[in-house]
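# A structural walkthrough
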Amino acid sequence: MSEVILSTNGLTKSFGAFKAVDGVSLEIQTGSITGLIGPNGAGKSTLFNLLTGVLKPDEGGVTLNGQDVSGLSSDKLFACGLGRTFQIPRPFARMSVLENVMLAPIGQIGETVAGPFLKRARMRSEEMHIRERALEVLDFVTLAPLADHPAGKISGGQMKLLELARVLMGNPAVILLDEPAAGVNPVLTETLISKIEELNRRGTTFLIIEHDMDFVMRHCDPVIALAEGKVVFQGTSEEALANPVLLDAYLGA
Ligand code: ADP
Ligand code: MG
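Each chain carries its own residue numbering, running from 1 in the written order of its sequence. All chains are assigned letters beginning with A, and all ligands numbers beginning with 1, in the order in which they are written. With pLDDT at 70 or above as the cut-off, local features in this predicted model cover only qualifying residues; side-chain atom pairs require 80 or more to be listed or tallied, and sums for whole chains, interfaces and linings still use all residues.

## What about the environment of Val-24?
The criterion, for reference: We count a stretch as a helix when DSSP gives it H or I for four or more residues in a row; a strand needs E for two or more, and each element gets its number in order from the N terminus. Once C-beta atoms have been placed from the backbone, residue pairs whose C-beta atoms lie within 7 Å are recorded as contacts.
For Val-24, the position within the fold is in strand E2 (residues 18-29). C-alpha separation for the pair Val-24 and Lys-13, spaced 11 residues apart in sequence, amounts to 9.7 Å. Aside from chain neighbours lying at most four places away, what touches Val-24 is Thr-8, Leu-11, Leu-47, Lys-230 and Val-231.

## Some remarks on the site of ligand 1
Here is the rule we go by: In this text, near has one meaning. A residue is near a molecule or strand if its C-beta atom, placed using the backbone, is within 6 Å of it. Here the nonpolar group is Ala, Val, Leu, Ile, Met, Phe, Trp, Tyr, Cys and Pro; Asp, Glu, Lys and Arg are the charged ones; every other residue, Gly included, is treated as polar.
All residues adjacent to ligand 1 are Phe-15, Ala-20, Gly-38, Asn-40, Gly-41, Ala-42, Gly-43, Lys-44, Ser-45 and Thr-46. Looking at which element gives the most residues to the shell around ligand 1, the answer is helix H1 (residues 44-51), with 3 residues. Broken down by class, the residue content of the shell around ligand 1 amounts to 3 nonpolar, 6 polar and 1 charged.

## Observations regarding the sheet that holds strand E6 (residues 82-84)
Going by this rule: Following DSSP output, two strands are said to pair if at least two bridges run between them. Geometry is summarised by axes, namely lines fitted to C-alpha atoms with helices restricted to the contacting stretch, and by angles between N-to-C directions that run from 0 to 180 degrees.
An order of E6-E7-E8-E3-E9-E10 is seen for the 6 strands of this open sheet, with the pairing classed as mixed. Strand pairing shows two members of the sheet lacking a second neighbour, E6 and strand E10 (230-235), which therefore form its edges. Pairwise comparison of adjacent strand axes, ignoring direction, gives a mean angle of 20° for this sheet. Pairing of strand E3 (residues 33-37) with strand E8 (residues 205-209), which is carried by 4 bridges, proceeds in the parallel orientation. The residue of E8 that forms the bridge with Ile-33 is Phe-206.

## As for unusual backbone geometry
Note the cis peptide between Asp-221 and Pro-222, where omega equals 0°. Tracing the backbone through its elements, the reader meets Pro-222 in the loop between helix H7 (213-219) and strand E9 (223-227). Positive phi values are uncommon outside glycine, yet Asn-65 reaches one of about 55°. Positive phi, close to 45°, is recorded for Asn-171, a residue that is not glycine. Here Asn-171 is to be found in the loop between helix H5 (156-168) and strand E7 (174-178).

## Describing the pairing of E2
Where strand E1 (residues 4-15) meets E2, 8 bridges bridge the pair, whose relative direction is antiparallel. Its bridge partner being in E2, Thr-8 is matched across the sheet by Leu-26.

## Let's talk about the confidence of the model for the chain
Put simply, the rule reads: Known as pLDDT, the predictor's per-residue confidence is scaled from 0 to 100.
Residue-level pLDDT values for the chain average 89, and 91% of them are 70 or greater. Among the prediction metrics, the complex's ipTM stands at 0.98, with pTM recorded as 0.90.

## Some points on the sheet that holds strand E4 (residues 59-64)
Spatially, the 4 strands line up as an open sheet ordered E2-E1-E4-E5, and their pairing is antiparallel. The open sheet has two free edges, formed respectively by E2 and strand E5 (67-68), since each of these has just one partner strand. Two strands pair when backbone bridges link them, and E4 and E5 are joined in this way by 2 bridges, in the antiparallel orientation. Following the sheet pairing, Leu-64 is matched in E5 by Gln-67. Against the sheet, H1 engages E1, E2 and E4, with an angle of about 65° to E2.

## Brief notes about the packing of H5 against helix H6 (residues 186-201)
Heads up, the condition is: The scheme is simple: roughly parallel for angles under 35 degrees, roughly antiparallel for over 145, roughly perpendicular for 65 to 115, oblique for anything else. For any helix crossing, the convention is left-handed if the near helix is rotated counterclockwise from the far helix by under a right angle, and right-handed if that rotation is clockwise.
Two numbers describe how H5 lies on H6: the axes approach to 9 Å, and their chain directions differ by 15°. As judged from the angle between their axes, H5 and H6 are roughly parallel. Crossing geometry of H5 relative to H6 is assigned as left-handed. Between H5 and H6, the contacting residues are Gly-157, Gln-158, Lys-160, Leu-161 and Leu-164 on the first element and Leu-188, Thr-191, Leu-192 and Lys-195 on the second. Each residue belonging to the contact of H5 with H6 can be placed in one class, and the counts come to 4 nonpolar, 3 polar and 2 charged.

In structure tokens:
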């Protein structure tokens, strides 16, 4: 039996008079690698921003694990197990790769600590713990050899892996990836895919925006298509391939 981990209900967001996301209702199944496709400007990144608390919807809501999480900040959602990467990675360029990963969960440090003395000792031990965990995560994404490099000096593909590493610091149950393969060389794309599949086998759910239809057809199921802010297709990758409207929009052009 399938379970829904993330859902939206009538999610709507306008910029001025323009509806970028228009009444989107979706259900993401636990354990899936769901693909989100659609032409440029369809509202995919805006939908991610609504799902992750970066933007507040004008209408509609989001549930995570059956809980209404509408209106929660990105930090709170990260703490609740929802992680995301951005279409354009934004590392702190002058900090090292390791420091960038260590910074990911910093918002949570000391939040639950009462006194200032306790807090300082607690923060030191938390920092050591975070460093260890960051090194583990960097090892997982194959960036350990670059741990001390300035994050601004690594390649675009390595930045995508760094983004994934930052997200993994939150032990997320659901990871949203915004165009993970865009501008990434084939070797690093394969690395990224193998890491996504390994995490998925261990239970992580993925929602992936991707333009590379080969990527989507090979690795995502089901597939959801957005156009002009609306869901225009939901189905298996085979159904997507056989759908004349989608073929026209994505493969025919
Ligand atoms: P996609 O990721 O599918 O390419 P986006 O969600 O980035 O599309 O954008 C959807 C539409 O909303 C586009 O027309 C874009 O120009 C517009 N848009 C996105 N963000 C903003 C914003 N912050 N202010 C105004 N318009 C925006
Ligand atoms: Mg986008």
